[in-house]
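Chain by chain, the residues run as shown.
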Amino acid sequence: MNELILSGADTTTLYDPQTGSCISSLNIPPGSSRAMAVVPSKNGQGGLIFSVAANKPLLHVYSFQKNQPLHNFVLPEKVSCLDVDPNGIWCAAGTASGRVYFWEVGSGALFKSFAAHYRAVTALRFHSNGETFITGSEDSSISIWSISRIVDYEYEADVPSPLQTLTDHTLPITCVYVGFGNLASARIFSSSLDSTVKVWTIDPHTTSDSPDPSASLLVSFKFSLPIENLVADHLERSFFAATSTDAGEVFVVRMYSEKKDNSPFYALATGSIGELHDVVTSTENVLNVGSRIITIALSLTSKLLVGTQQGNILIYDTVSLQLLRTIQTSQSPAASPVTFLTTLLKPLDLLGHTQLSLSGKALEDSVPIRPVMPFGRARDVKGKGREVAIVLPKRTDPTNMEYDPFEDHMYFSSRATLTISQTPANEDPQDKILQLEAEVKQLRMNLDRAKTINDAMWENVLQSVVAQSRAMVE
């Protein structure tokens, strides 16, 4: 598996996690923390990187195929957080004023611009199915939004209302992590300056009394320090909570209780609803990085990635908590902090790493770039002038197709499913057809003979039954 680390610091760079070597580098200027998103290359289309410039209302869009930006968009205002759905269809951004902007990537249409919170939006994440997204704010609330409601032109004059609002935190939200799946199956992890991490689940079923989905707080974890960053493993067996102190602590919380005597393990997040657990600080569950932590992430192989203020990427084993490797993003003593970390499979269209397809053609040339249109700054009204750019699958050039009409005729007209290429070289196809016709004639004669015998037997049985019935009556 060719897994790569994508980091955002002085430049956006792809690293090999096994060796720490630089695979590729893109000249994307340093961006804002939490305002960078990646759409991987898939479904026959090249991937994209969205990055918001630090302290500027400017969005850069890059592809893996070019070292120059595809687009530079001027946004309506400065963005505090941004995310793109996994399919690359929708883009949402939150601002310091509490507003959320929602665009369609393929058309650039601004569907909605609305006040989602009354204080700054600090976190924004899409669900993996691309049907809903979640926002967290300095007003200590978390809101869940339905994309279908936002893009519905029938309600374009209405201010969107969230499907559910989670209000159990008491201080500003710092990070939101969304598990894999749809709204019903994905758990929501949230961290706050109130030194807690809470795990939520959403019940999408509605009733006449409650037309919107309901939310349940499964469990709360209390820490000794405020939590700034949060990530959970893919199976949700544990999560990692990072502080914003200069010492750089990462708390490792297992989602199962300690085993006592012969009692089995049980999941903390499925125990009593709303239960509170105090996280005890010890050498077994705390990583001391030694530098302020800016961002954390988990690799596809469950390795913990930590980006620091000093511009280093630290790779830890999640079981033994041992430091496996340190990657320096810059040799400069004044290196920029690592503001973004994620992992992805090596893109087939990665610049400078051209791979060949089965036909011998470079995949970089055969994979089209996912279409992106300039993002609008004014709201789209009933789709006026809206055009969505899509990429159709490449079709085979008919002039290069080899077609033998005689072989096609033999395949469909012959009773035997043999073509000339399948017939032995020393056998005449016409003789084979005559042989098969003779066999069919013989089989039909045998079938007629069997029908005659069957009719005679049935007649004898019928006459015998009738004779017995008459005898019983007389």
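Above this note sits the structure.
Computed from a predicted structure; not experimentally measured.

Conventions and cut-offs
- Residues numbered from 1 in each chain as written.
- Predicted model: local features only at pLDDT ≥ 70, side-chain atom pairs only at ≥ 80, totals over all residues.
- Heavy atoms only, no water.
- Helix = DSSP H or I, 4+ residues; strand = E, 2+ residues; numbered from the N terminus.
- Buried < 20%, exposed > 50% of the residue type's maximum accessible area, 1.4 Å probe, protein only.
- Contact = heavy atoms within 4.5 Å.
- Areas by Shrake-Rupley, 256 points an atom, 1.4 Å probe, with all protein chains shown as cover.
- Core = buried A, V, L, I, M, F, W, Y, C linked by side-chain atoms within 4.5 Å.
- Pairing = 2+ DSSP bridges.
- Axes fitted to C-alpha atoms, helices over the stretch in contact; angles between N-to-C directions.
- Polar contact = N/O pair within 3.5 Å; in protein donor to acceptor, adjacent residues only side chain to side chain.
- Salt bridge = Lys/Arg side-chain N within 4 Å of Asp/Glu carboxyl O.
- Phe/Tyr/Trp six-rings, centres within 6.5 Å; stacked < 30°, edge-to-face > 60°.

A. Structural context of the overall build of the chain. What the chain contains, in helices and strands, is four helices and 29 strands. Here the chain holds 474 residues, and the buried ones make up 45% of them. Here the analysis covers contacts within the chain between residues at least 6 apart in sequence; of these, 50% occur between residues at least 24 apart. Put simply, the chain shows about 25100 Å² of open surface, and 53% of that area lies on carbon and sulfur atoms.

B. Up close: the nonpolar core. Membership of the largest hydrophobic core comes to 34 residues, with the highest contact counts inside it found for Phe221, Phe223, Phe239 and Leu304. Grouped together as the second largest cluster of nonpolar side chains are 21 residues, Ala37, Cys91, Val105 and Val372 included.

C. Focus on the sheet that holds strand β16 (residues 173–178). Across the sheet, five strands lie side by side as β16-β17-β18-β19-β23; this open sheet has mixed pairing. Because the sheet does not close on itself, it has two edges, and the strands there are β16 and β23 (275–278). Strand-to-strand twist in this sheet, taken as the mean axis angle between neighbours without regard to direction, amounts to 20 degrees. In this structure, strand β19 (residues 214–222) lies alongside β23, joined through four bridges in parallel fashion. When the bridges of β23 are listed, valine 219 appears paired with glutamate 275.

D. Structural context of the side chain of serine 141. Relative to the helices and strands, serine 141 resides in the loop between β13 (132–137) and β14 (142–146). At 2.7 Å, the side chain of serine 141 and the side chain of aspartate 139 are in polar contact. Residues in contact with serine 141, not counting those within four places in the same chain, are His117, Thr135, Gly136, Thr165, Leu166, Thr167 and Ile173.

E. Representation of the environment of leucine 217 in the model. Note that leucine 217 resides in strand β19. Accessibility expressed as a relative area gives 15% for leucine 217, which makes it buried.

F. Just the sheet that holds strand β4 (residues 31–39), in detail. If you trace the four strands from one edge of the open sheet to the other, you get β4-β5-β6-β7, paired in antiparallel fashion. Looking at which strands have only one partner, the edges of the open sheet turn out to be β4 and β7 (71–74). The sheet shows a mean angle of 20 degrees between the axes of neighbouring strands, direction not considered. Pairing geometry for strand β5 (residues 48–53) and strand β6 (residues 58–63), over five bridges, is antiparallel.

G. Highlighting the pattern of salt bridges. Per the stated rule, a full pass over the model turns up five salt bridges. With a shortest N-O distance of 3.6 Å, arginine 119 and glutamate 138 are connected by a salt bridge. Linking arginine 119 in the loop between β11 (110–115) and β12 (121–126) with glutamate 138 in the loop between β13 and β14, this pair joins segments that are 19 residues apart in sequence. Residue glutamate 236 pairs with arginine 187 through a salt bridge whose shortest N-O separation is 3.8 Å. Here glutamate 236 is found in the loop between β20 (229–232) and β21 (238–242), whereas its partner arginine 187 is found in the loop between β16 and β17 (188–192), with 49 residues between them in sequence. Each member of the pair, glutamate 236 as well as arginine 187, is classed as buried.

H. Expanded view of the environment of leucine 58. Looking at the secondary structure, you find leucine 58 in strand β6. Judged by relative accessible area, which is 23%, leucine 58 ranks as partly exposed. Sequence separation between leucine 58 and phenylalanine 73 is 15 residues; the distance between their C-alpha atoms is 5.7 Å.

I. Structural context of the packing of aromatic side chains. The full count for this structure, using the stated rule, is 15 aromatic pairs. Note on tryptophan 90 and phenylalanine 111: the rings are 5.7 Å apart at their centroids and 80 degrees apart in plane angle, and the pair reads as edge-to-face. With tryptophan 90 in strand β9 (residues 90–95) and phenylalanine 111 in strand β11, the pair connects residues that are 21 residues apart, well separated along the chain. Looking at phenylalanine 111, the relative accessible area reads 5%, which means it is buried. Arranged with centres 6.4 Å apart and planes meeting at 75 degrees, the rings of phenylalanine 223 and phenylalanine 239 form a pair that is edge-to-face. Here phenylalanine 223 is found in the loop between β19 and β20, whereas its partner phenylalanine 239 is found in strand β21, with 16 residues between them in sequence. By relative accessible area, phenylalanine 223 is classed as buried at 4%. An aromatic cluster is built from Trp90, Phe102, Phe111, Phe126, Phe133 and Tyr153, whose rings are joined through pairwise contacts.

J. Main features of the pairing of strand β28 (residues 323–328). Pairing of strand β27 (residues 312–317) with β28, which is carried by five bridges, proceeds in the antiparallel orientation. Opposite asparagine 312, over in β28, you have glutamine 328 as the bridge partner. Joining the antiparallel neighbours β27 and β28 is a turn of five residues, in which leucine 321 adopts a positive phi near 60 degrees.

K. Representation of the side chain of serine 330. If you trace the backbone, serine 330 turns up in the loop between β28 and β29 (340–345). With sequence-adjacent residues up to four places away left out, serine 330 is seen in contact with Asp10, Gly311 and Ala335.

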